[in-house]
Every structure is written in C-alpha cells, then in structure tokens.
Amino acid sequence: MQDLLRHMGIVIRVSLGNLEKPEQGGYREPRHMVRIEDDYVITEVEVPGVGRDGITVKLLDNNKLFVKAEGNGRKYLLIKELPAPVTVDGSHAEYRNGLLIIRLPIKGTSIGVE
C-alpha cells in the first residue's frame, strides 16, 4: 500500500484487492453524490461528527472508491464503483464541516497547468 496524496489531513491510497471491511457491525452508508465534472470524478460524502484522523480513503482497481470514517461514536462505510476509471495523480481531497470532497482525475486525460 502506498500513500499517494496527503492534503488537509486526508490520505488517498491505492489498494489492490483488500477492502479492509470492518469486522464489527454498526457501520452505515453515508449520504453521497458522485458526478463527472470536466476531467474529474467528484465524490461528495457526508460524514458529520468525524475528525480528519478518522477518515480512510482508498482507490481500488482504478474505478472503485473505498471510504471509511469513524469517530465520536459514528461509523460510516462507502464502497462505490465510479462512473469512469480514475487515477490519484493530481487528485485532491478536502474535509470541512462534515463534508468530504474527493476530486479524482479521469484516467487518460491530461491535466492542464493553471
């Protein structure tokens, strides 16, 4: 497993195969939205009451997103197939006021310099 992005305390990792599904119950799927905007797949995940340290984000097989968030007695788990293959190179994640926003570039597109 390799850390590929660290931004605002959120690390997006690439993982092959092992989903690390929590063994204990009590997890629930958070409210979320996935959309394509320009050359990015953007995922917004509501995980209120959880600190940055309690959030794990992984990309599985270029097209599956794994988000686990725990803290303050709350447990969220999201495993979501994305609408396009993505990469973590040039990705961005931020967490504010209970909302996690993950921007993953669509694989095969070039990212221009701003």
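Keep in mind that what you see is a predicted model, and the values were worked out from it rather than measured.

Trainee: Looking at this structure, how should I read the pattern of salt bridges?
Mentor: Once the charged atoms of two side chains with opposite charge are near each other, the side chains can pair. As enumerated under the stated definition, the model contains 5 salt bridges in all. Ionic pairing is found between glutamate 70 and lysine 68, a salt bridge with its closest N-O pair at 3.8 Å. The exposure class of glutamate 70 is partly exposed, given its relative accessible area of 31%. We note a salt bridge from glutamate 94 to arginine 96, for which the minimum N-O separation is 3.1 Å. Using a relative accessible area of 18% as the deciding quantity, one classes glutamate 94 as buried. Several salt bridges converge on common partners, so that one network encompasses Arg35, Glu37 and Glu44.

Trainee: Would you take a moment to explain the pairing of strand 6 (residues 64-71) for this structure?
Mentor: Consecutive residues of a regular strand have side chains that alternate between opposite faces of the sheet. Of the strand pairs in this sheet, strand 5 (residues 55-60) and strand 6 are connected by 6 bridges, and their pairing is antiparallel. If you follow threonine 56 over to strand 6, its bridge partner there is lysine 68. What sits between strand 5 and strand 6 in their antiparallel hairpin is a turn of 3 residues, with aspartate 61 showing a positive phi close to 55°. As defined by bridge partners, strand 6 adjoins strand 7 (residues 74-81) across 8 bridges and the pair is classed as antiparallel.

Trainee: In this structure, what is going on with the packing of aromatic side chains? I would like to understand it.
Mentor: Each aromatic ring pair is specified by the distance between its two centres and by the angle formed by the two planes. The full count for this structure, using the stated rule, is 0 aromatic pairs. Over the ring of tyrosine 40 we find arginine 103; its NZ or CZ atom is 4.0 Å from the centre of that ring.

Trainee: Can you help me understand the sheet that holds strand 3 (residues 32-37) in this one?
Mentor: Consider a sheet: its strands pair through backbone hydrogen bonds, and that pairing is either parallel or antiparallel. Taken in spatial order, the 4 strands line up as 3-4-9-8 in an open sheet, and their pairing is antiparallel. Each of the sheet's edge strands pairs with one partner strand only, and the pair in question is strand 3 and strand 8 (92-96). Strand after strand, the sheet turns through a mean of 15° between neighbouring axes, direction not considered. Note that strand 3 and strand 4 (residues 40-46) share 6 bridges and pair antiparallel. Directly across from histidine 32, in strand 4, lies its bridge partner valine 45.

Trainee: Quick question: what am I supposed to make of the environment of glycine 108 here?
Mentor: Its location among the elements puts glycine 108 in the segment after strand 9 (99-105). On the accessibility criterion, glycine 108 (78% relative accessible area) is exposed. For the pair glycine 108 and proline 85, spaced 23 residues apart in the sequence, the C-alpha separation amounts to 8.6 Å.

Rules used throughout
- Residues numbered from 1 in each chain as written.
- Predicted model: local features only at pLDDT ≥ 70, side-chain atom pairs only at ≥ 80, totals over all residues.
- Heavy atoms only, no water.
- Salt bridge = Lys/Arg side-chain N within 4 Å of Asp/Glu carboxyl O.
- Buried < 20%, exposed > 50% of the residue type's maximum accessible area, 1.4 Å probe, protein only.
- Pairing = 2+ DSSP bridges.
- Helix = DSSP H or I, 4+ residues; strand = E, 2+ residues; numbered from the N terminus.
- Phe/Tyr/Trp six-rings, centres within 6.5 Å; stacked < 30°, edge-to-face > 60°.
- Lys NZ or Arg CZ within 6 Å of the ring centre and 35° of its normal.
- Axes fitted to C-alpha atoms, helices over the stretch in contact; angles between N-to-C directions.

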